[in-house]
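Chain residues, written in single-letter form:
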Number of protein chains: 2
Amino acid sequence: LEDFDKDVLIELFADLEASEIARLLESIPDSQRGQLWSIIPEDRNGAVLVELGEVARLSLVNNLENEQVVEAVSNLDSNDLAEMVDTLPDEVGDAIRQSLDYKGLQGLEASLAFPEDSAGRVMETEAVAIRSDITLETVLRFLRSRESIPAHTSGLMVIDRQRAFQGELHLSDLLTHNPSMLVEEVMDKEAINISPLASQHELAIMFRDLDLVSVAVVDDDGILLGRVTLDDMVDILHEEADHQILGAVGLDEDEDLFSPILPSAKRRLFWLGINLVTAFLAAWVIGLFEATLEKIVALAVLMPIVASMGGIAGGQTLTLMIRGLATGKISSANAKWLAYKEIAISAISGMTWAVVVGLVSYFWFSDLRISLVLAASMIINLLIAALSGFGIPMFMKRIGIDPALAGGVVLTTATDVIGFVSFLGLATLFL
Amino acid sequence: LEDFDKDVLIELFADLEASEIARLLESIPDSQRGQLWSIIPEDRNGAVLVELGEVARLSLVNNLENEQVVEAVSNLDSNDLAEMVDTLPDEVGDAIRQSLDYKGLQGLEASLAFPEDSAGRVMETEAVAIRSDITLETVLRFLRSRESIPAHTSGLMVIDRQRAFQGELHLSDLLTHNPSMLVEEVMDKEAINISPLASQHELAIMFRDLDLVSVAVVDDDGILLGRVTLDDMVDILHEEADHQILGAVGLDEDEDLFSPILPSAKRRLFWLGINLVTAFLAAWVIGLFEATLEKIVALAVLMPIVASMGGIAGGQTLTLMIRGLATGKISSANAKWLAYKEIAISAISGMTWAVVVGLVSYFWFSDLRISLVLAASMIINLLIAALSGFGIPMFMKRIGIDPALAGGVVLTTATDVIGFVSFLGLATLFL
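Since this is a predicted model, take the numbers as computed values, not measurements.

So, how was this worked out
Residues numbered from 1 in each chain as written. Chains lettered and ligands numbered in written order. Predicted model: local features only at pLDDT ≥ 70, side-chain atom pairs only at ≥ 80, totals over all residues. Heavy atoms only, no water. Helix = DSSP H or I, 4+ residues; strand = E, 2+ residues; numbered from the N terminus. Buried < 20%, exposed > 50% of the residue type's maximum accessible area, 1.4 Å probe, protein only. Contact = heavy atoms within 4.5 Å. Areas by Shrake-Rupley, 256 points an atom, 1.4 Å probe, with all protein chains shown as cover. Lys, Arg positive; Asp, Glu negative; His and termini not counted. Charge placed at Lys NZ, Arg CZ, Asp CG, Glu CD. Core = buried A, V, L, I, M, F, W, Y, C linked by side-chain atoms within 4.5 Å. Least-squares fit on C-alpha atoms with pLDDT ≥ 70 in both. Buried area = accessible area lost by both parts, 1.4 Å probe. Salt bridge = Lys/Arg side-chain N within 4 Å of Asp/Glu carboxyl O. Polar contact = N/O pair within 3.5 Å; in protein donor to acceptor, adjacent residues only side chain to side chain. Nonpolar A, V, L, I, M, F, W, Y, C, P; charged D, E, K, R; others polar. Patch = residues over 30% accessible without salt bridge, like charges linked within 9 Å, V, L, I, M, F, W, Y side chains within 5 Å. Domains from an automatic or database assignment. Pairing = 2+ DSSP bridges. Axes fitted to C-alpha atoms, helices over the stretch in contact; angles between N-to-C directions. Arc of directions from axis to C-beta. Parallel < 35°, antiparallel > 145°, perpendicular 65-115°, else oblique. Left-handed = near helix turned anticlockwise from the far one by under 90°. Phe/Tyr/Trp six-rings, centres within 6.5 Å; stacked < 30°, edge-to-face > 60°.

Visitor: Explanation requested: the overall build of chain A in the structure shown.
Guide: Looking only at helices and strands, one finds 21 helices and six strands in chain A. Across the 431 residues that make up chain A, the buried fraction comes to 56%. Of the contacts formed within chain A by residues at least 6 apart in sequence, a portion of 68% connects residues at least 24 apart. With the model as given, the accessible surface of chain A reaches about 18,500 Å², and the carbon-plus-sulfur share is 56%. Looking at charge distribution, chain A has the averaged site of its 28 positive side-chain charges lying 7 Å from that of its 63 negative ones.

Visitor: Even after reading the chapter, I still don't get the nonpolar core, so can you show me in this structure?
Guide: It is characteristic of soluble globular proteins that their nonpolar side chains tend to be buried jointly. Among the nonpolar cores identified, the biggest contains 75 residues, and I305(A), F423(A), I305(B) and F423(B) are the most heavily contacted of them. Excluding residues that lie within four positions of it along the chain, F423(B) makes contacts with L299(B), L302(B), M303(B), V306(B), V373(B), L374(B) and S377(B). Core analysis: the second largest hydrophobic core is formed by 39 residues, L210(A), A119(B), I194(B) and I236(B) among them.

Visitor: I'm lost on the relation of the copies chain A and chain B in this one. Help?
Guide: One copy of the chain maps onto the other through a rotation about an axis plus a displacement along that axis. Between chain A and chain B, which share one sequence, the superposing operator has a rotation angle of 180° and an axial displacement of 0.0 Å; the RMSD is 0.1 Å. What we have between these two chains is a two-fold relation.

Visitor: Explanation requested: the interface of chain A and chain B in the structure shown.
Guide: How big an interface is tends to be stated in terms of accessible area lost as the parts join. Taken together, the contact between chain A and chain B spans 105 residues of the former and 104 residues of the latter. Surface buried jointly by chain A and chain B totals about 9,800 Å² across both partners, of which 73% is contributed by carbon and sulfur atoms. When residues of chain A are sorted by the area they lose upon contact with chain B, L175(A), L257(A) and R268(A) head the list and together hold 8% of the total. With a shortest N-O distance of 2.3 Å, D242(B) and R323(A) are connected by a salt bridge. Counting the contacts that link chain A with chain B gives 18 residue pairs in polar contact (both at pLDDT 80 or more). When the residues that make up the side of chain A that touches chain B are grouped by side-chain class, the tally is 60 nonpolar, 24 polar and 21 charged.

Visitor: Would you mind going over a negative patch on the surface with me for this structure?
Guide: On the surface, E54(A), E116(A), D117(A), E239(A) and D252(A) cluster together into a patch of negative charge. Residue position: D117(A) is located in the loop between helix 9 (102-113) and helix 10 (119-122).

Visitor: Would you mind showing me how to read the domain arrangement of chain A here?
Guide: Considered domain by domain, chain A is made up of domain 1 (6-113), domain 2 (129-247) and domain 3 (261-430). Computed over C-alpha atoms only, the centres of domain 1 of chain A and domain 2 of chain A are separated by 27 Å.

Visitor: In this structure, what is going on with the pattern of salt bridges? I would like to understand it.
Guide: Oppositely charged side chains can form a pair if their charged atoms are brought close together. Applying the stated criterion across every chain, the model contains 26 salt bridges over all chains. Note that D86(B) and R121(B) form a salt bridge whose closest N and O atoms lie 3.0 Å from each other. Pair noted here: D86(B) is in helix 7 (residues 78-87) and R121(B) is in helix 10 (residues 119-122), with a separation of 35 residues, a long-range link. Where salt bridges share partners, they join R23(A), E26(A), E51(A) and K329(B) into one cluster.

Visitor: Can you walk me through the sheet that holds strand 4 (residues 193-194) of chain A in this structure?
Guide: Sheet strands line up and pair through hydrogen bonds in the backbone, either parallel or antiparallel. Residues and elements named next belong to chain A. A sheet is described by the order of its strands in space; here three strands give the open sequence 4-5-6, paired in mixed fashion. Each edge of the open sheet carries a strand with a single partner, namely strand 4 and strand 6 (224-229). Judged from the two bridges that link them, strand 4 and strand 5 (residues 214-218) form a sheet pairing that is parallel. Residue I194 lies in a different strand from strand 5, and its bridge partner there is V217. Against the sheet, helix 14 (residues 200-210) makes contact with strand 4, strand 5 and strand 6, and its axis sits at roughly 140° relative to strand 5, the strand it touches most.

Visitor: How do you make sense of the sheet that holds strand 3 (residues 165-170) of chain B when you look at a structure like this?
Guide: All names here are of chain B. Taken together, three strands build an open sheet; the order of strands is 1-2-3 and the sheet is mixed. Two strands bound the open sheet, and with one partner strand each, they are strand 1 (129-131) and strand 3. This sheet shows a mean twist of 35° between the axes of neighbouring strands, independent of strand direction.

Visitor: Mind showing me how you'd approach the pairing of strand 3 of chain B here?
Guide: Regular strands place side chains that alternate from one sheet face to the opposite one. Residues and elements named next belong to chain B. Summarising the sheet, strand 2 (residues 155-159) and strand 3 pair through five bridges and their orientation is antiparallel. The residue of strand 3 that forms the bridge with L156 is L169. Counted along the chain from strand 2 to the antiparallel partner strand 3, the turn is five residues long, and its residue R163 has a positive phi close to 65°.

Visitor: Hey, could you run me through helix 7 of chain B in this one?
Guide: It helps to recall that an α-helix has 3.6 residues per turn; residues three or four apart then point in one direction. Residues and elements named next belong to chain B. Burial within helix 7 is extensive, with seven of its 10 residues counted as buried. Along helix 7, the positions that sit buried rather than exposed are S78, N79, D80, L81, A82, M84 and V85. Turning to helix 7, the residues buried within the fold contact helix 4 (45-51), helix 5 (54-62), helix 8 (90-99), helix 9 (102-113), helix 10 and helix 15 (230-247).

Visitor: Explain the environment of L49(A) here, please?
Guide: All names here are of chain A. Relative to the elements of secondary structure, L49 occurs in helix 4 (residues 45-51). For the pair L49 and M309, spaced 260 residues apart in sequence, the C-alpha to C-alpha distance is 45 Å. With residues near it in sequence (within four places) discarded, L49 still touches W37, R57, L60, V61, V69, A72, V73 and M84.

Visitor: Sorry if this is basic, but what is going on with helix 11 (residues 136-146) of chain A here?
Guide: All names here are of chain A. Looking only at helix 11, the buried set comprises L136, V139, L140 and L143. Buried residues along helix 11 cover an arc of 100° about the axis, so they all sit on one side. Positioned one or two residues after helix 11, E147 has a phi angle of 70°, which is positive.

Visitor: I tried to follow the packing of helix 7 (residues 78-87) of chain A against helix 9 of chain A on my own but got confused; where do I start?
Guide: How two helices sit against one another is set out by the angle between their axes and by the gap between those axes. Residues and elements named next belong to chain A. At a closest axis distance of 8 Å, the pairing of helix 7 and helix 9 adopts a crossing angle of 70°. Comparing the axis directions of helix 7 and helix 9 gives the class roughly perpendicular. When the axes of helix 7 and helix 9 are compared, the crossing they make is right-handed. Taking contact as the criterion, the partners of S78, N79, L81, A82, V85 and D86 in helix 7 are, on helix 9, G107, L108, S111 and L112. Taken together, the residues of the contact of helix 7 with helix 9 break down into five nonpolar, four polar and one charged.

Visitor: Just checking my understanding: could you explain the environment of A307(A) for this structure?
Guide: Residue and element names in this part refer to chain A. Counting through the fold element by element, A307 comes out in helix 18 (residues 298-326). Counting along the chain gives 277 residues from A307 to D30, while the straight-line C-alpha distance between them is 40 Å. With near-sequence residues (within four places) excluded, A307 lies in contact with N381, T415, D416 and F420.

Visitor: Any chance you could explain the packing of aromatic side chains here in plain terms?
Guide: Note on aromatic pairs: each is described by the distance of the centres and the angle between the planes. Scanning the model with the defined rule gives five aromatic pairs over all chains in all. Measuring from ring centre to ring centre gives 6.4 Å for Y362(B) and F363(B), while their planes differ by 65°; the resulting arrangement is edge-to-face. Each member of the aromatic cluster is reached from another via a ring pair, and the members are W364(A), F365(A) and F280(B).

Visitor: What is the right way to read a nonpolar patch on the surface from this model?
Guide: Taken together, the side chains of L281(A), W284(A), L288(A) and W364(B) make up a nonpolar region of the molecular surface, amounting to roughly 410 Å² of accessible area. Here W364(B) is to be found in helix 19 (residues 332-365).

Visitor: Could you clarify how one ought to interpret the side chain of N381(A) in this entry?
Guide: Residues and elements named next belong to chain A. Here N381 is to be found in helix 20 (residues 368-399). For N381, a relative accessible area of 0% puts it in the buried group. Apart from the residues within four sequence positions on either side, N381 is in contact with V306, A307, G310, T415, I418 and G419.

Visitor: Looking at this structure, how should I read the side chain of R57(A)?
Guide: Residues and elements named next belong to chain A. Among the secondary structure elements, R57 is positioned in helix 5 (residues 54-62). Given a relative accessible area of 1%, R57 falls into the buried group. Reaching out from R57, the side chain makes a polar contact with the backbone oxygen of L52 at a distance of 3.3 Å. There is a polar contact of 3.1 Å between the side chain of R57 and the side chain of E83. Ignoring any residue separated from it by four or fewer positions in sequence, one finds R57 in contact with L49, V50, L52, E83, M84, T87 and L88.

Laid out in structure tokens, this is it:
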């Protein structure tokens, strides 16, 4: 980075969108981000902060003066400001609050009043709204006098005198109909609208499935509050997928690839610590069979096979279940069928691989009884793996634990323990 | 499902979007999908086929007559038709081809001529294009005479006499400028355009980062070919995330939660088979140390701990690397720094947990030498895990293997083998 000419960078940054600059900042070590900050064009540094992942944003802000942050966020919407106040240290939040005028502060507090992860939090209040009893000609004249339309506007919100939501006038309909027609004749009366209390997850699924560009936010009394646009929703869909991908290895979806070593190590140490406890639990289970192991050392050689196969088979079921729950495909109506299917698959897998491991181990150790014990424990463990892979996420969801985060650990603990107990237990009984 | 009144379902389906019907079909067992097909409104059954996941689509089509499929797809765009011909059995593809007129067939073959996963494959050719030397008034009159604008149009493509791409006239600019102005005065001359050969992955990242609604597709000679719209890109972003989530457990992103048991079992058996080979490899490595294990059975008890910790730590690095490579954050410029960071983190983790396992195992077996061997092999295995988690995806990417599919297996094989070799090997040398 030092090799680059500062002027070249300034010129480069002038052409980039805020999101591209944010991606660039996330691709360099944390320590160099402060230097780059000064090069970002001033009109875009607020938007860059919004686009940064949470961990990267926090580390950058910690390297800036409070005044720099306040200045950067001065031209942000109330919903982006609310995200800043929510994710940054309290003192930075207070500095932001102090910099606002009465109206700005009111907007911020209104946004913060909605629950986290609700539509109200990502709602923009700058939507263009028009009345239903005017002609398209009047709308066209109004837009020309306005000289600009907010980004991601595919339609204008139609309201009555009391700001009650009536429908949406799609720009394409405005453009293709006779200007003498009335808005109420042309508008889409069935236009979807959502409550500010709707969850962002539901909303994102809706945007994806219905190919929406924006949607009106309407309160219980039918009053138009604002709109949610696609750009925020695409980010949320992404965060949810990252949540499952990174959650499976104990990391946060805001994990920063280039954050400094110590904080990264701290977050990962925690996950390894949890795994160590479960590994000791498995070791303790093995320890219960020390006497058997001492007699037949071949058991120590074969024992990881059963546990490992259970972990893999259970992991497949678990991953499909978590994905199905996240995308809303699994409900109580079809859960029973799914459980039946997963158990049937595991029975097929279990019997197939039981034959294979039985044969291979017989050729290796020439001991029929060891091979039979290994085959039997394989079938038992794959059945338990399917039941766990199905049951753990269903149970966790019911009691309000996120299966994407904790599902994998609980599952491998179960398959390891059952794997060792069934194999070494059967061996103790029959060998 | 049988309990439902058919009339109620028909009414329900009439109100649903194609994507919602597709999601519903994917949420019921495969055997019941044929029944539901007849209830889907005829104007939407082609779109439902497009929205279905590949596996679900194939199973449904296998239950339909060729004529039913041909009729369903008769009103699809050439790009959607190309997807059908590509993913359905050849005889269905031939039946579709035979049903097309000359122009339709030409459009289909033109689409199929572009490489799979290229922008050309998802391009629509129905974009509205206008000339640059006319007034906005003329454009407004033209649109009114057209009576409709294709969905997801946020701007009109501007071309010259030779269909060369000049820029884009955003609808918002068309609406907010004086009608007497010329298109070329108002149009966005910097509007982004892409080659039909651009990869869908690059394109999806671009849509997300630049918050685009549509983008012009322009060939090497500057001629406008069509446009790509956001709705296709949102699906692609989704598929890529699903690819990593499901690929990690050996499944396809088109995996169908409710497909019949036997095909599902077949796909999963394969993955378990690969794992069985690696599990036997690990068992073989343990077998090399049978003499040592026979002397000290405590080693068999503790041995899974080292392998398991290596697998978890390596999995964290691997997941971050695959995610970073997929989102374009990792390049040769910053790879060295990342490798250094991952090794530093593993050194910290290794030393921390080495102390913990050393102490716990000392209290358990009261054998200082066993504890020292366990601690040393923990440090060795976590270092190897970090190197593998970093190196495996980088190497696979270079030689063209998809790390999201094969990375996890190679990694666990490495951490299992090194875990057992370092622990049992050190034990053989020093105990």
